[in-house]
Protein chains: 2
Amino acid sequence: MTDVGVAGAGMTAFESESDAGALELAERAAWRALDDAGDVAPGDVTSVHVGNMAAEAFDERTGLENALCGALGVDGATADRIENTSASGASAVLRAVDAVRAGRSSVALVVGVETMSAVDTDDATELISRLVHDREYEQGLTLPSFAGLAADRYLETTGADEDALAAVAVKNHRNGAANPYAQFQREITAEEARSSPAVADPLRLYDCCPTSDGAAAIVLRAGGDDDVELAGVAGATGTHAVAERPDPLAIESVSRAGDRAFADTGLEREAVDVACIHDAFTVLELLELEELGFYDGGRAWEATLEGGTALDGDLPVNPGGGLKARGHPLGATGVAQLVELTWQLRGDADARQVAGPETGLALNVGGFGNNAICTLLEAR
Amino acid sequence: MTDVGVAGAGMTAFESESDAGALELAERAAWRALDDAGDVAPGDVTSVHVGNMAAEAFDERTGLENALCGALGVDGATADRIENTSASGASAVLRAVDAVRAGRSSVALVVGVETMSAVDTDDATELISRLVHDREYEQGLTLPSFAGLAADRYLETTGADEDALAAVAVKNHRNGAANPYAQFQREITAEEARSSPAVADPLRLYDCCPTSDGAAAIVLRAGGDDDVELAGVAGATGTHAVAERPDPLAIESVSRAGDRAFADTGLEREAVDVACIHDAFTVLELLELEELGFYDGGRAWEATLEGGTALDGDLPVNPGGGLKARGHPLGATGVAQLVELTWQLRGDADARQVAGPETGLALNVGGFGNNAICTLLEAR
């Protein structure tokens, strides 16, 4: 199997409202990744994989992949756009890895982008809500309401209280405050989190990721010459209707994607030194860490309260601030996780640097566990 | 390199206005392809690749790929949606082939779908027009106007007249009339074509594909046991801005994709017995046949007038009626081309059957030559 190296990584700052549209942000991030790769010019790129959920709706733009190729001067590459709701970015990475492993592409450019500020919050919420199962949509269920129900049950069955949820938010805001690319760069206290406005009981405003504008890009390359290797990536669907899950706290797509990614790479869970987890809601960081096998079921909250997932903990989680504080431009998130991990593995993460990590894991989730993608990176 | 077989193929009839939405049509086509594959159950599918341009805009549905997995009972596969404007279907096939060749998937389900009747024609035209370059969009250029300009120049430089364009429409309507899946099943005369309302001079109504609803699906499988082999597929971008092309009649994405597909398979052009070509406008069938190397530049019209591209000609083109008569539900078209070729190579095409074809070629184009995908199928 062809080795896949991360030749370059770059992103724009994530913001509540950017000065630019999806094409311009995608182009900025792509140039940063290409410049970071050093000796890779647009003409060297053999495939372009754009992760984006809804440029048609958010940005009145169709054919973003071809417009991006034109803007960059990439000419003749294979190009398309990959959509997998909020996991569109990681799905684009997965397709890029396939292209390299299948022998189709020697230099693959992956760009994730979303500009959610282009429509008002009601329209964005409606658009995103249409990813839930028709029967659940008709009942008025949205992603925040699913997360609220899960959080309620998590607290009830594990013995955790709202301090456990707040601890996730406090940690991720602390990390974001050290990340110049983060949308929120302000530390918060547990008291602020606990007293923020209710969204979906017991979840409050600080338990929820914001809507964001931003783009992130990586250049993948066949062969073994780069400092960071994309060791493996795997995806898996779960049930579409949340109500069909035997255990309402189980997110089977996550455990399946994780199991496959570890099998694909031959790595053990103990090898992971830093993780980027899809914390669209604080409770999801806990549930996903458990599904991935880092903690026993119902126990990730204790590790979080004890600092085990802090920058200097046993398993630093979301060093860049996560979706919670770095922000969550839907299609960009999965790629931004890999940009952060690349910087961490190279030792380039400045004030938020984890001590000497050699292996990083990213988990990007589409919908409320409809589809998950798990990626493992290794320092060479 | 892993061999890729076409285990099953199926589609819905293409219609001006279907009784169902994108999810339902996708599900119908998928079931037909799975049933056709015989021994493949939804639980055997390891990857799902949905080709679709704009379900968010046309159908108010996000996360179509996950909804489809839920509806079919595919659980645990890798799944995503591929968008490449009007070549979304063939791009999804390309990614499925990558997944099989990369060792990720043993049974790949590809479903192309679009429901364009869900919005009015003005909104559909506006949505599609946003794929052209910003500068060209601001000048009011649309796909029909590009096609009209190209047709005008083609007639001027080749010595062809409007009868040559009408001959494409007459042939494709004749083929569509023999295809129960075609949107238009009525033969037309050259005189009807020539006297139909003007759209973009010299192109008339019968020179243009309709807007359509429909879905098509194929099941791809690793190994050499199926009657039809997906011998190879290749994609290439051209320039985004049409004005940047040195020759306004050259569609470089098409010649590049064709050259790569032939190189990928080792097949010669002479081996091709039947072709499905992206005739969104009649002039495109002529230009693309020339770009693919089947005819010298500026000469495909003579072969068409002489019957060379008819069902009993040297190179039968668009036996199912093409985009012109079968219809053009954007994301479905590239998959429907492969369904038609599979039926032709198996000898299952009834009244429109080409005599004993062993090799088929499909060409699906995104935008006005922004991106092209060429696929070759062989009977085993």
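Thresholds applied
Residues numbered from 1 in each chain as written. Chains lettered and ligands numbered in written order. Predicted model: local features only at pLDDT ≥ 70, side-chain atom pairs only at ≥ 80, totals over all residues. Heavy atoms only, no water. Helix = DSSP H or I, 4+ residues; strand = E, 2+ residues; numbered from the N terminus. Buried < 20%, exposed > 50% of the residue type's maximum accessible area, 1.4 Å probe, protein only. UniProt positions renumbered as here; feature names shortened; annotations may be inferred. Least-squares fit on C-alpha atoms with pLDDT ≥ 70 in both. Contact = heavy atoms within 4.5 Å. Patch = residues over 30% accessible without salt bridge, like charges linked within 9 Å, V, L, I, M, F, W, Y side chains within 5 Å. Areas by Shrake-Rupley, 256 points an atom, 1.4 Å probe, with all protein chains shown as cover. Salt bridge = Lys/Arg side-chain N within 4 Å of Asp/Glu carboxyl O. Lys, Arg positive; Asp, Glu negative; His and termini not counted. Charge placed at Lys NZ, Arg CZ, Asp CG, Glu CD. Pairing = 2+ DSSP bridges. Buried area = accessible area lost by both parts, 1.4 Å probe. Polar contact = N/O pair within 3.5 Å; in protein donor to acceptor, adjacent residues only side chain to side chain. Nonpolar A, V, L, I, M, F, W, Y, C, P; charged D, E, K, R; others polar.

Peer 1: Please give an account of the environment of B:Thr157 that cites residues and values.
Peer 2: Residues and elements named next belong to chain B. By the secondary structure assignment, Thr157 is in helix α7 (residues 143-158). Here Thr157 falls in the partly exposed class, since its relative accessible area comes to 49%. Separated by 92 residues in the primary sequence, Thr157 and Leu249 have C-alpha atoms spaced 9.9 Å apart.

Peer 1: Any details on the UniProt feature "domain: Thiolase C-terminal" (unreviewed entry) in chain A? Residues and values, ideally.
Peer 2: The UniProt feature table records "domain: Thiolase C-terminal" (unreviewed entry) at residues 236-378 of chain A. Summarising residues 236-378 of chain A: 36% helix, 15% strand, and an end-to-end C-alpha distance of 22 Å.

Peer 1: So what's going on with the relation of the copies chain A and chain B? Residues and values would help.
Peer 2: To go from the first copy of the chain to the second, apply a rotation about an axis and then a shift along the same axis. Under the fitted operation, chain A is carried onto chain B by 0.0 Å of movement along the axis and a turn of 180 degrees, and the coordinates agree to an RMSD of 0.0 Å. Classification of the inter-copy transformation places it as that of a two-fold axis. Of all interface residues in chain A, 100% are interface residues in chain B too; the two copies therefore contact each other through one and the same surface.

Peer 1: Break down a negative patch on the surface for me, with residues and values.
Peer 2: Residue and element names in this part refer to chain A. Residues Asp120, Asp122, Asp123 and Glu126 make up a contiguous surface patch of negative charge. Considering the arrangement of structural elements, one finds Asp120 in the loop between β4 (107-115) and α5 (121-129). Owing to a relative accessible area of 45%, Asp120 belongs among the partly exposed residues under this scheme.

Peer 1: Please provide a residue-by-residue account of the pairing of β4(A), values included.
Peer 2: Residues and elements named next belong to chain A. With 9 of 9 residues buried, β4 is to be regarded as a mostly interior element. The alternating pattern of β4 places Val107, Leu109, Val111, Val113 and Thr115 on one face and Ala108, Val110, Gly112 and Glu114 on the opposite face, and all of these are buried. Summarising the sheet, strand β2 (residues 47-51) and β4 pair through 5 bridges and their orientation is parallel. Bridge assignment links Ser47 to a residue of β4, and that residue is Ala108. Examined bridge by bridge, β4 and strand β7 (residues 213-222) share 9 bridges and lie antiparallel to one another. Across the sheet, residue Glu114 finds its bridge partner in β7, namely Gly214.

Peer 1: Go over the interface of chain A and chain B, please, and point to the residues and values.
Peer 2: The interface of chain A with chain B comprises 52 residues on the first partner and 52 residues on the second. Both sides together, the interface formed by chain A and chain B hides about 4200 Å², and carbon and sulfur atoms give 38% of it. Taken as a group, A:Thr62, A:Arg95 and A:Arg104 account for 16% of the area that chain A buries against chain B, more than any other trio of residues on that side. Counting every contact that joins chain A to chain B gives 12 salt bridges. Linking B:Asp75 and A:Arg256 is a salt bridge whose minimum nitrogen-to-oxygen distance equals 3.0 Å. Summed over the shared surface of chain A and chain B, the result is 32 residue pairs in polar contact (both at pLDDT 80 or more). Of all the secondary structure elements, the ones that give two or more residues to the side of chain A that touches chain B are α3 (64-72), β3 (78-83), α4 (88-101), α5, β8 (228-237) and α10 (252-265) of chain A. Of the residues belonging to the side of chain A that touches chain B, the class tally is 19 nonpolar, 17 polar and 16 charged. Judged from the 3 bridges that link them, β3(A) and strand β3 (residues 78-83) of chain B form a sheet pairing that is antiparallel. Opposite A:Arg81, over in β3(B), you have B:Glu83 as the bridge partner.

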